[in-house]
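Structural overview for review
Next come the chains, spelled out residue by residue.
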Amino acid sequence: MNSNSRPHSEALNLLRFPLALVVVLVHVVGAGIPNRESYMETSPLFAEVLNFIKAFLSGQSVPIYFLIVLMSYLCVLSAHAQRVDMDALWNINIPVLRITTQNGEEPTCDYVHSPSGRSRSIANAVQVPGRMVITQKRDTLYDSGQYAEGKSGMTIKIRGNTSAYTPKKPFKLKLQKKADLLFRDSKDYRDKNWVLLKMGNTLNTAIGNFVNEKTGLRWTPRYQFVNLVINDDYRGLYYLSENVRKSSTRINVDDTGYIFEYDAYYWKDSLYVKSLFAGNMGYTLKYPEPEEISPAAYTYFQSMISQMERAMIYARYDEVLNVETFARWILAHDILGTQDAFGSNLYFTKYDSTSNSKIEMANLWDFDSILQTSYDAWGTSHTSGAFFPYYMFRKGDSMLRYYYYSWQQLLRGDFFLELKNFLDSFLSPLVCADMDKCRQMDAIRWEKTYKSLSQEVANAKQYFSSREAWLTDTIASMGANLVPMKGDVNNDGVLTIDDVTLLMDFYLKANDQEEYTDIDNDGKLTISDITELISMYLNQ
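Fair warning: this is a prediction, and the values are worked out from it, not measured in the lab.

Focus on the overall build of the protein
Summing up its helical and strand segments, the protein has 16 helices and 15 strands in all. Residues counted as buried form 49% of the 540 residues belonging to the protein. Of the accessible surface of the protein, which amounts to about 26200 Å², a share of 50% is contributed by carbon and sulfur atoms.

Things to note about the confidence of the model for the protein
With 81% of its residues at a pLDDT of at least 70, the protein reaches an overall mean of 85. Here residues 1-5 scores under 50 on pLDDT; set against residues more than four positions off or in separate chains, the count is zero contacts.

Details of the side chain of S369
With respect to the helices, strands and loops of the structure, S369 is situated in the loop between strand 15 (359-361) and helix 9 (380-383). Not counting residues within four places of it along the chain, the set of residues in contact with S369 comprises G337, T338, Q339 and D340.

Quick word on the packing of helix 8 (residues 323-336) against helix 14 (residues 453-479)
One way to put it is that helix 8 packs onto helix 14 with a least axis distance of 9 Å and a crossing angle of 130°. Comparing the axis directions of helix 8 and helix 14 gives the class oblique. Residues L331, D334, I335 and L336 of helix 8 pack against Y463, F464, R467, L471 and I475 of helix 14. Residue classes in the contact of helix 8 with helix 14 are distributed as seven nonpolar, no polar and two charged.

Side note on helix 13 (residues 429-445)
Because the α-helix completes a turn every 3.6 residues, residues three or four places apart line up on one side. Under the 1.5 Å per step criterion, the end-to-end length of helix 13 is 24 Å for 17 residues, consistent within 8% with the ideal 24 Å. When helix 13 is considered as a whole, its buried residues turn out to be C432, D434, M435, D436, C438, R439, M441, D442 and A443. At its buried positions, helix 13 is contacted by helix 5 (86-89), strand 9 (223-230), strand 10 (233-241) and helix 14. E447, located one to two residues past helix 13, shows a positive phi value of around 55°.

A look at the packing of aromatic side chains
Per the counting criterion, the structure on display carries 31 aromatic pairs. Aromatic side chains F260 and F301 sit 5.5 Å apart centroid to centroid with 75° between the ring planes, which places their arrangement in the edge-to-face category. Taken together, the residues span a long stretch of sequence, with F260 in strand 11 (residues 258-263) and F301 in helix 7 (residues 295-313) at a distance of 41 residues. F301 sits in the buried class, given a relative accessible area of 1%. Measuring from centroid to centroid gives 5.7 Å for Y463 and F464, while their planes differ by 80°, and the two rings are edge-to-face. Judged by its relative accessible area of 12%, Y463 falls in the buried class.

Describing the sheet that holds strand 15
An order of 12-13-11-14-15 is seen for the five strands of this open sheet, with the pairing classed as antiparallel. Either end of the sheet is taken by a strand with one partner, and the two such strands are strand 12 (273-274) and strand 15. Direction of pairing for strand 11 relative to strand 13 (residues 282-287): antiparallel, over a ladder of five bridges. When the bridges of strand 13 are listed, Y262 appears paired with Y283.

Let's talk about unusual backbone geometry
Going from Y287 to P288, the amide bond is cis rather than trans, its omega being -5°. Residue placement: P288 occurs in the loop between strand 13 and helix 7. In this structure, K137 is a non-glycine residue whose phi angle is positive, near 50°. Judged by relative accessible area, K137 falls into the partly exposed class, the value being 42%. The backbone phi angle of F183 is positive, close to 60°, even though this residue is not glycine. Within the secondary structure, F183 is located in the loop between strand 7 (171-179) and strand 8 (191-198).

Rules and cut-offs
Residues numbered from 1 in each chain as written. Predicted model: local features only at pLDDT ≥ 70, side-chain atom pairs only at ≥ 80, totals over all residues. Heavy atoms only, no water. Helix = DSSP H or I, 4+ residues; strand = E, 2+ residues; numbered from the N terminus. Buried < 20%, exposed > 50% of the residue type's maximum accessible area, 1.4 Å probe, protein only. Areas by Shrake-Rupley, 256 points an atom, 1.4 Å probe, with all protein chains shown as cover. pLDDT = per-residue confidence, 0-100. Contact = heavy atoms within 4.5 Å. Axes fitted to C-alpha atoms, helices over the stretch in contact; angles between N-to-C directions. Parallel < 35°, antiparallel > 145°, perpendicular 65-115°, else oblique. Nonpolar A, V, L, I, M, F, W, Y, C, P; charged D, E, K, R; others polar. Expected span 1.5 Å × (residues − 1). Phe/Tyr/Trp six-rings, centres within 6.5 Å; stacked < 30°, edge-to-face > 60°. Pairing = 2+ DSSP bridges.

Right, dumping it as structure tokens:
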């Protein structure tokens, strides 16, 4: 007998019992995993481990790498032991959005890079048909039905640019029959197009949309928190949201109007107009769709872009832009402290193709980089030469007046107190408990670090408190350089109906006039000043 056989045999005897426990563990833990066949028995790693255990128990010599395989498999089991508790979803107030695709197909896409290699995005996203059901504590709120083209069901596809590169994907949903997935009162909200935006451990989109609405931008997307499940696989916490599109309840433009984007990913589109501001930026169409636009409409679009950019550069932007919407848009990003100017979508609208309408800024979109600048620094959209504010703040004073006026309007409305109250609303016991449970499940599913809702709210409140003080001082110093405007009776930087009302009050009470109230320069306040101011207001 070989002298080495006894120690080897004794080693086997010592290891057989724990290895037998491993076999039991494999099956016991595996039995508790939802869809365990897809995780366990069909896994090559599972088969490899079983072969190793059988060989080792029978006394065969096995290579050392099998020991590494075994340890790896035990790590896999440990990860699955911390799997998401699917049953817990049914006891949470946050709705569950369940999608079952045909044949269990998973949405896919191609990952692409720009010709310069400086940016990356996706292309050829596959629309996968299926059925969608929204429930809340097992009560069914919506059921699309099984997929039947044009009749029932829905499709899902991956959306986004760099956000699509992470394991947790953002999605676009298209219903075959219009519905309001946010369950509001009016039928006008019914639509086929919706998006699922990644949430996880951040309230960024909720905060961004709140600021969007309070700064007075024309449309604010509405949303609902949901837990997403695709083919019985929990995908985490999402925002179910309206998206940017032509609609009477979203972005309301005429059939001859335009919705377009200043786009770092223009190179993916078949039709675009390059920007004069930055070589890596261009303008792409959201409405009309590129495949539907007529040659005449596209020619008009090209001319409109050229006129807009040249007007910004040469200080004639009042002629073609609704300057107030541009000022409110950049003010919103300054409040939010947006770090990645190129990653925050810039949408524009023009109501129709006549000279009666001006180009406006649409809503804010994409809040991945908010609350990231120093509290005492502008958002990068304010200072980058690749963006319109850089030119508009430096040429003429119209942009500055509207910016200053919009800020003063926010302060009079106790904006920062409203923002604090909005953030505190997430800390109500029921909301906070449910959100924290979902954030924990999302962190487990995607192997991310969990951050409590209360900690995020505390961080955001601290950031905005410091930012309020800096913005107040800085914008006040900007406003100090403004020359009083003729007719600006309330001295807020712009002509509004409030000035007309106040001037009438001055006239009726025979108040002493200031220089800016003597509109017609005759040295006294008369009814002709009121008439002239009304004319100035209507024709500005």
